[in-house]
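What the coordinates show
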Amino acid sequence: MLDTKEDSKSITVSRQAWFTLGILSSTLLVVFFSETMLLPAIPEIMKDFKVPYALAAWIFSGYMIVAAVMTPIAGKLSDIYGKKKILLTLLVIYVAATAAGGFANTISFLLMIRVIQGVGLAAVPAAFSLLRDTFPPAKLAVAVGIFGSAYSAGSVVGLLAGASIIHNIGWHSTFFFIAPTAAFVTVMIAKFVRENKVEQLPLPHSPADGSQKSTYRDNDHKLQVSQLHLSIDIKGAIALSATTAAFILGLTLLQTGGTSNLQNVSAAFLVSIISLSVFVIIERRSNSPLLDFRLLRDKTLLPSYLILMAVGITMFMAYPSIVQLVRSPAPLGFGGNAVDAANVQLPFMIMFLILSSITPFIINKIGNKRPIIIGGLISLMGSIGLLVYHSTEFAISANLAIIATGLSLAVTATWNIVVSESPREFLGISTAVAALLLFIGMATGPALAGVYMENHNTIAGIQGSYPTLRSYDLVFLTSALLSGITVGLAFVLNKGYRVHTAIKGMRSLF
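Residues numbered from 1 in each chain as written. Predicted model: local features only at pLDDT ≥ 70, side-chain atom pairs only at ≥ 80, totals over all residues. Heavy atoms only, no water.

Turning our eyes to something else, we now look at the nonpolar core. Membership of the largest hydrophobic core comes to 151 residues, with the highest contact counts inside it found for Ile45, Leu110, Leu121, Trp171, Phe348, Trp415 and Phe439. Here this core gets 17 residues from one element, more than from any other, and that element is helix α17 (residues 427–452). If sequence neighbours within four positions are ignored, Leu110 has contacts with Ile45, Phe49, Ile59, Ala104, Trp171 and Phe175. (Core = buried A, V, L, I, M, F, W, Y, C linked by side-chain atoms within 4.5 Å. Buried < 20%, exposed > 50% of the residue type's maximum accessible area, 1.4 Å probe, protein only. Helix = DSSP H or I, 4+ residues; strand = E, 2+ residues; numbered from the N terminus. Contact = heavy atoms within 4.5 Å.)

What follows is the structure in structure tokens.
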């Protein structure tokens, strides 16, 4: 177990390690630059392709579903074939899809491009794993914090640049701005990033079934794991894809058809439940599972994974909702344009960037667990403030900044726990599990917001219909509930850590 309070003054990090951190952080910056750049364009895309919000939300949900499914696959591949090789492969796919996105002339083509881009987002676990290979444990929290802040930096740049480009040139041009940047980052990783190989520690004898076992010590924590098999769980990937896609489809059908479409909604959710059951059965029987369920039984890792999923839902439920609120005509909105929508959300991104940079130093002072509790409470306060008072753009921006402060503390500390506490030999798949649940949360957020915004009203003298103010109340209430769940999980995480520490202390006496 990593002691984040460890004295790290005597430990030095090479210039090459910091340079590697900068390049790897650029990966996260680019993929989220792409994500937030399109956010202000939702109304334009709906208008250009004449599609409802429910279908437009799939521009983000589809991207995240594929990312969610691909992350454990990418994590497994990176453990088998090498983190750098898989990272470069995924980034090449991402660059090609991004370049093609500028030519999207139908909603189906745009959705297909976003699906392929989602494959590139699965590069995040491999980049995280390379960080652990590069930095000593005492400096890992700082590296993870800087890496995480790149997400916020990409979001800030994406919002500002995207809003300006969309307003002056058009949303198609956003893809042409991203593609060369992503290509440059890919070349830099190929040329300068080095990978340290982690060797397996096989036992002298192998079981009769041929599945070798290995015992290893990671941060004084012994674990038994199956040695990696050179195979990928394709059946599990298909079942997981069906589970996630059917769930998001059920939310979409609920939004578009409401209770009148109840039969199709029920069918979609039933398919999701059945697919999930099949996925669990497949994973338990597989010699090389997509997800190792032993990780989900870990009292430290499981709450961490769930916290990341709650944060993902909160963030991506709020993003499109705020854009819709700002751009809807009065009295159901503020009647702003793409730039106005970006400006309202900018304080959220800036605070996330600032706190992501500061949190590693807070972790070194008070540990990993307390920042999650404090962050959850701050996020809860901001969500309640947003629910009670969102009648002005300033009030929304202020409360979003408070929420960002809390979420940034929580998510940075949580990622540090995942990266530092995961079994070293399965670091790729463990970070992939964390990213999987985070991306599932991100995919669920827009669809859930769409369900809330099902109720529309018309405005006299203005063509079209727009979400009611009650719709936004439901979004902000759910945000508060998720923040409360994060606080509860943080206490569970803290309790589990204390129990583990006590048991380890008793064992040391004997």
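Before going further, it helps to examine helix α4 (residues 58–81). Given a rise of 1.5 Å per residue, 24 residues ought to cover 34 Å, and the 32 Å separating the end C-alpha atoms of α4 matches this to within 8%. Approximately 30° is the largest bend angle found in α4, and it occurs at Met70, with the proline Pro72 only one to four residues beyond. Burial analysis of α4 places 23 of its 24 residues in the buried class, the great majority of the element. Looking at the residues trailing α4, positive phi occurs at Gly82, about 115°. (Expected span 1.5 Å × (residues − 1). Bend = angle between axes of the 7 residues up to and from the residue.)

This brings us to the pattern of salt bridges. Under the definition given, this model contains 1 salt bridge. For the salt bridge of Glu44 with Arg327, the shortest nitrogen-to-oxygen distance reads 2.7 Å. Separated by 283 residues along the polypeptide, Glu44 in helix α2 (residues 42–49) and Arg327 in helix α13 (residues 301–327) bring together distant segments of the chain. Taking relative accessible area as the criterion, Glu44 reaches 22% and is therefore assigned partly exposed. (Salt bridge = Lys/Arg side-chain N within 4 Å of Asp/Glu carboxyl O.)

With respect to the helices and strands, Ala413 occurs in helix α16 (residues 393–421). Given a relative accessible area of 0%, Ala413 falls into the buried group. Between the alpha carbons of Ala413 and Thr359 there is a distance of 7.3 Å; along the sequence they are 54 residues apart.

The next point concerns helix α6 (residues 107–121). Between its first and last C-alpha, α6 extends 21 Å over 15 residues, near the 21 Å set by a 1.5 Å rise per residue. Among all positions in α6, only Ile107, Leu110, Leu111, Ile113, Arg114, Gln117, Gly118, Val119, Gly120 and Leu121 are buried.

Next up on the list: the side chain of Ser275. Within the secondary structure, Ser275 sits in helix α11 (residues 262–285). In contact with Ser275, not counting residues within four places along its chain, are Ala239, Ala242 and Thr243.

The next subject is the packing of α4 against helix α5 (residues 83–101). Close contact between α4 and α5 brings their axes to 8 Å; oriented N to C, the two are set at 150°. Classified by the interaxial angle, the pair formed by α4 and α5 is roughly antiparallel. The way α4 lies across α5 gives a crossing that is right-handed. Facing Tyr63, Met70, Ala74, Leu77, Ser78 and Tyr81 of α4, the residues of α5 in contact are Lys83, Lys85, Ile86, Leu90 and Tyr94. Residue composition of the contact of α4 with α5, by class: 8 nonpolar, 1 polar and 2 charged. (Axes fitted to C-alpha atoms, helices over the stretch in contact; angles between N-to-C directions. Parallel < 35°, antiparallel > 145°, perpendicular 65-115°, else oblique. Left-handed = near helix turned anticlockwise from the far one by under 90°. Nonpolar A, V, L, I, M, F, W, Y, C, P; charged D, E, K, R; others polar.)

A few words on the environment of Ser266. By secondary structure assignment, the location of Ser266 is in helix α11. Using a relative accessible area of 39% as the deciding quantity, one classes Ser266 as partly exposed.

What follows covers the confidence of the model for the protein. Taken residue by residue, the protein gives an average pLDDT of 77. The fraction at 70 or more is 83%. No element of the protein has a lower mean pLDDT than strand β1 (residues 213–218), at 39, and none a higher one than helix α15 (residues 369–388), at 91. Throughout residues 1–8 the model reports pLDDT below 50, and contacts reaching past four residues in sequence, or to other chains, amount to 26 contacts. (pLDDT = per-residue confidence, 0-100.)

Attention now moves to unusual backbone geometry. At the junction of Ala330 and Pro331, the peptide bond is cis and its omega measures out at 10° in the coordinates. Examined against the element boundaries, Pro331 turns out to sit in the loop between α13 and α14 (338–366). Positioned with a positive phi, Lys50 is a non-glycine residue whose angle comes to about 55°.

Moving on to the side chain of Lys84. You can see Lys84 is positioned in helix α5. At 3.1 Å, the side chain of Lys84 forms a polar contact with the backbone oxygen of Ala190. Contacts of Lys84, omitting those with residues within four sequence positions, involve Leu130, Ile189, Ala190, Val193 and Glu195. (Polar contact = N/O pair within 3.5 Å; in protein donor to acceptor, adjacent residues only side chain to side chain.)

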